[in-house]
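Here is what each chain is made of, one letter per residue.
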2 protein chains.
Amino acid sequence: MLKIGIDAMGGDFAPQVVIEGALAAREQVGDDCRLVLFGDEQAIRHELDRHGASHAMFDIVPTTEVIGMNDHPAKAYNQKPNSSIRVGYDYLKTRQIDGFASAGATGAMLVGAMYSVGAIAGVIRPAISAQISTLDGSSFLLLDVGLNVDCKPDVLDQYGLLGSTYAEAVLNRKRPRIALLNIGAEKEKGNLATKAAYELMAENGKYNFVGNIEANEIFSGGKADVVVCDGFVGNTILKQTEGFYEIARQRGLSDAYIDRLNYEYVGGTAVLGINGTVIIGHGRSSSLAIQNMIRQTEKTIRSGLITKLQETFRNF
Amino acid sequence: MLKIGIDAMGGDFAPQVVIEGALAAREQVGDDCRLVLFGDEQAIRHELDRHGASHAMFDIVPTTEVIGMNDHPAKAYNQKPNSSIRVGYDYLKTRQIDGFASAGATGAMLVGAMYSVGAIAGVIRPAISAQISTLDGSSFLLLDVGLNVDCKPDVLDQYGLLGSTYAEAVLNRKRPRIALLNIGAEKEKGNLATKAAYELMAENGKYNFVGNIEANEIFSGGKADVVVCDGFVGNTILKQTEGFYEIARQRGLSDAYIDRLNYEYVGGTAVLGINGTVIIGHGRSSSLAIQNMIRQTEKTIRSGLITKLQETFRNF
């Protein structure tokens, strides 16, 4: 039985939309999947009743505390041992669940990832990544999107390998093309970090480095499966994408491609480089976003990504 | 007489579109303006003839060399003393023209700015800036967009003052709101440079610092007249904006706001912090872009920006 842990208290509209999303995802995940809900038992059962759903469809792990968006991540993680995030990670660490997904406090989710399952041996710094749709009907993985905002060149180089392993295992790309986000096509372009990273990535040999890519090229598709950048830059790209999606929506522009830029479509941000499958959803997550976050968690668990990353970095 | 120098050989489609743009701009600039064309005299006269235009409408300064997009900027600037860019800067330095605009090699234009008129006393590093339309019908100035890709905090702080002086003088904003591009609203968010820059900007007192702004907020308008960032980040934001404009165009989405994101609408990138008015156009400039670049040069000259910047930084 494959067990997917879900923070029922995570996100601006929890637990309502989380239960709605979990009910929808329940119809889509494999028969060998069991969804495990962490949260206020009474509230969860109340929501299930509201939808006329059988309580037996889920495992419920009762928790009594919630880590809020404004709590200090590390302090709250330590001082709220009975919070849905903390208990979820305890279950992940002890392998009572195979993956953990939450649209709750991002900071506490990242602290928990490091405190519980920890970084994979050989990984200097884990990253968070986002899958973004491209015009040609495909997508690319962008990393880091905000965990490390002062990336050294060797960290950017490792992101190439993290991304390559993910793209192959989870996105089924053969020999994934890894590009470095830069401000020019030529290898001598960029800031100190990207210039040095280019050299390391070109020499690495463990993944298929295809050179620099500029921000106006990433959305067309056809050039890269993975785009590597510093967390400050990646976070800015992601937020600007969100901004444009909002502009299109506000201007009443209807377009199938732009609709796919909506965060709801993907559901969550995968934490890469840790000893467990962890997906973090957007705080504003709708039930559709929660549903997709759960499906993404299932897909990542089934891909065997964690074992592949552990093997890959054993010899880095 | 106000003299606007134009590199007739600058840009992918020079001199044809430059002459077309200059002819269109000629109808719009003030009667006290004289457009001065630097370039191959025969080619310029040929283009004027093609349009049935009187040669007496322009001053023509004959040059015999061109700095190409693939030339090494500093080498080419020194080794091509008779190039349109070099001669244009010689005229700017000796005040035979009041401003200089080119859609030619950006690198050589930046080298020329430093070699000829040089940085304003007190300015640590000049910047290049772009004016971007906002949804509320206004615009903001983004800087740096690519000149300094490893900005120290004190440089970011100065960009606040450069931008504030520009927004007041050229964009007629009263008490311009200066924001720092960051990945969170709170002051403790960001990378090492933005965290330190926030402190400096908040304490500066010479401009109206309004705190952090995130990339999803810059296009709505209403929050900032100037957005300050590192050149790597600014260049990425600009290119991503270009990318989205292209997506909208390819998808056949027609929208008045998105049309205003087209680079042609603004015309050029102002070099800020040097002792002269210099505008650099996009290499792909159309005649409309050239026309707007020339109008922007006129507007900047008339604003008295350079004198204001020199006074402002005398006491920095």
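The rules behind the values
Residues numbered from 1 in each chain as written. Chains lettered and ligands numbered in written order. Predicted model: local features only at pLDDT ≥ 70, side-chain atom pairs only at ≥ 80, totals over all residues. Heavy atoms only, no water. Axes fitted to C-alpha atoms, helices over the stretch in contact; angles between N-to-C directions. Helix = DSSP H or I, 4+ residues; strand = E, 2+ residues; numbered from the N terminus. Left-handed = near helix turned anticlockwise from the far one by under 90°. Contact = heavy atoms within 4.5 Å. Nonpolar A, V, L, I, M, F, W, Y, C, P; charged D, E, K, R; others polar. Pairing = 2+ DSSP bridges. Buried area = accessible area lost by both parts, 1.4 Å probe. Salt bridge = Lys/Arg side-chain N within 4 Å of Asp/Glu carboxyl O. pLDDT = per-residue confidence, 0-100. Least-squares fit on C-alpha atoms with pLDDT ≥ 70 in both.

Participant: How would you sum up the packing of helix α6 (residues 153-169) of chain B against helix α12 (residues 305-314) of chain B? Please name residues and give values.
Facilitator: A pair of packed helices is characterised by two quantities: the angle between their axes and the separation of those axes. All names here are of chain B. Two elements in contact, α6 and α12, have axes separated by 10 Å at closest approach and are oriented at 145°. Our pair here, α6 against α12, has a crossing hand that is right-handed. Contacts between α6 and α12 pair Q158, L161, L162, T165, Y166 and A169 from the former with L305, K308, L309, T312 and F313 from the latter. In terms of residue class, the contact of α6 with α12 is built from seven nonpolar, three polar and one charged.

Participant: Just give me the short version of the sheet that holds strand β4 (residues 99-102) of chain A, but keep the residues and values in it.
Facilitator: Residues and elements named next belong to chain A. Reading across the sheet, the 11 strands line up as β3-β2-β1-β4-β11-β10-β5-β6-β9-β7-β8 and stay open at both edges, with mixed pairing between neighbours. Two strands lie at the open edges of the sheet, namely β3 (59-62) and β8 (208-213), each paired on one side alone. The sheet shows a mean angle of 25° between the axes of neighbouring strands, taken without regard to direction. Relative to strand β9 (residues 226-228), strand β6 (residues 139-143) runs parallel, the two sharing three bridges. In the strand pairing of β9, L141 is matched with V226. Set on the sheet, helix α4 (residues 84-93) makes contact with β1 (2-7), β2 (33-39), β3, β4 and β11 (277-281); between it and β4 the angle comes to about 165°.

Participant: Go over the interface of chain A and chain B with me, naming the residues and quoting the values.
Facilitator: Between chain A and chain B, the residue contacts involve 36 residues of the former and 36 residues of the latter. Both sides together, the interface formed by chain A and chain B hides about 3400 Å², and carbon and sulfur atoms give 70% of it. Area buried by chain A at its contact with chain B is led by A:I183, A:F232 and A:Q240, which between them contribute 20% of it. Between the two partners, chain A and chain B, sit four salt bridges.

Participant: An account of the confidence of the model for chain A is requested, with residue identities and associated values reported.
Facilitator: Put simply, chain A has an average pLDDT of 96, and 100% of its residues get 70 or more. This complex was scored by the predictor with a pTM of 0.95 and an ipTM of 0.94.

Participant: Tell me about the relation of the copies chain A and chain B, and name the residues and values.
Facilitator: For these two chains of identical sequence, chain A goes onto chain B by a turn of 180° and a shift of 0.0 Å along the axis, with RMSD 0.0 Å. Expressed as an axis order, the relation between the two copies is that of a two-fold axis. Considering only C-alpha atoms, the residue of chain A closest to the rotation axis is A:V233, which sits at 3.1 Å. Looking at the interface residues of chain A, 100% of them are also at the interface in chain B, so both copies use one shared face.

Participant: Lay out the environment of B:L37 in plain terms, naming residues and giving numbers.
Facilitator: Structurally, B:L37 is set in strand β2 (residues 33-39). Each C-alpha atom, one on B:L37 and one on B:I213, is 41 Å from the other, the two residues being 176 residues apart in sequence.

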